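Here is how the chains run, residue by residue.
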Amino acid sequence: MSVKASVSITEQQNAFARDLVAKGRYSSISAVVQQGIEMLREENEHSEVEFAALKELLIERLKGPFISMEDFKADTARMIAENL
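Described below are features of the structure shown in this document. What you see as residue numbers is a count from 1 along each chain, following the sequence as written. The predicted origin of the model limits local features to residues at a pLDDT of at least 70 and limits the giving and counting of side-chain atom pairs to 80 or more, whereas totals for whole chains, interfaces and linings rest on all residues. Based on all heavy atoms of the structure, the side-chain values leave hydrogens and waters out of the count.

### Things to note about the overall build of the protein
Working definition: helices are DSSP H or I runs of at least four residues, strands are E runs of at least two. Numbering for both runs from the N terminus. Helices and strands together make up the secondary structure of the protein, namely three helices and zero strands. Starting at the N terminus and ending at the C terminus, the protein contains elements arranged as α-α-α. Note on method: radius of gyration uses C-alpha positions; expected globular size equals 2.2 Å times residues raised to 0.38. Scaling as 2.2 N^0.38, a compact globule of 84 residues should have a C-alpha radius of gyration of about 12 Å, whereas the protein reaches 24 Å, well beyond that. On the principal axes, the C-alpha backbone points of the protein span a range of 60 × 30 × 20 Å. Relative to its full complement of 84 residues, the protein shows a buried share of 6%. As presented, the protein carries roughly 7,900 Å² of accessible surface, and 59% of it is formed by carbon and sulfur atoms. Measuring between centres, the 10 positive side-chain charges of the protein sit 6 Å from its 14 negative side-chain charges. The buried label applies to any residue whose accessible area, calculated with a 1.4 Å probe on protein chains only, is under 20% of its type's maximum; exposed applies above 50%, and partly exposed to all values in between. Accessible surface area values rest on a Shrake-Rupley calculation with a 1.4 Å probe, where residue burial reflects the displayed protein chains alone. In summary, the charge assignment counts Lys and Arg as positive and Asp and Glu as negative, without counting His or the chain termini. To locate a charge, take atom NZ for lysine, CZ for arginine, CG for aspartate or CD for glutamate.

Below, the structure written as structure tokens:
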């Protein structure tokens, strides 16, 4: 279902959208705006999923054993050396 909404865009955005329509990439400026909003929605959704996964990882890490910075550096150096 489509809903009519009035939006303001810059002259540059208008020229870009009209160019996309003229090149046949979209059927109308409205279609360009709809695609842009959909891309932002998907990006936002993706970011929220990534944030939730990172939050869960950090929560799990807080429960686990901790190593000293010296041990961390030694482990990192060992892993790098093994992969050379």
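Picking up where we left off.
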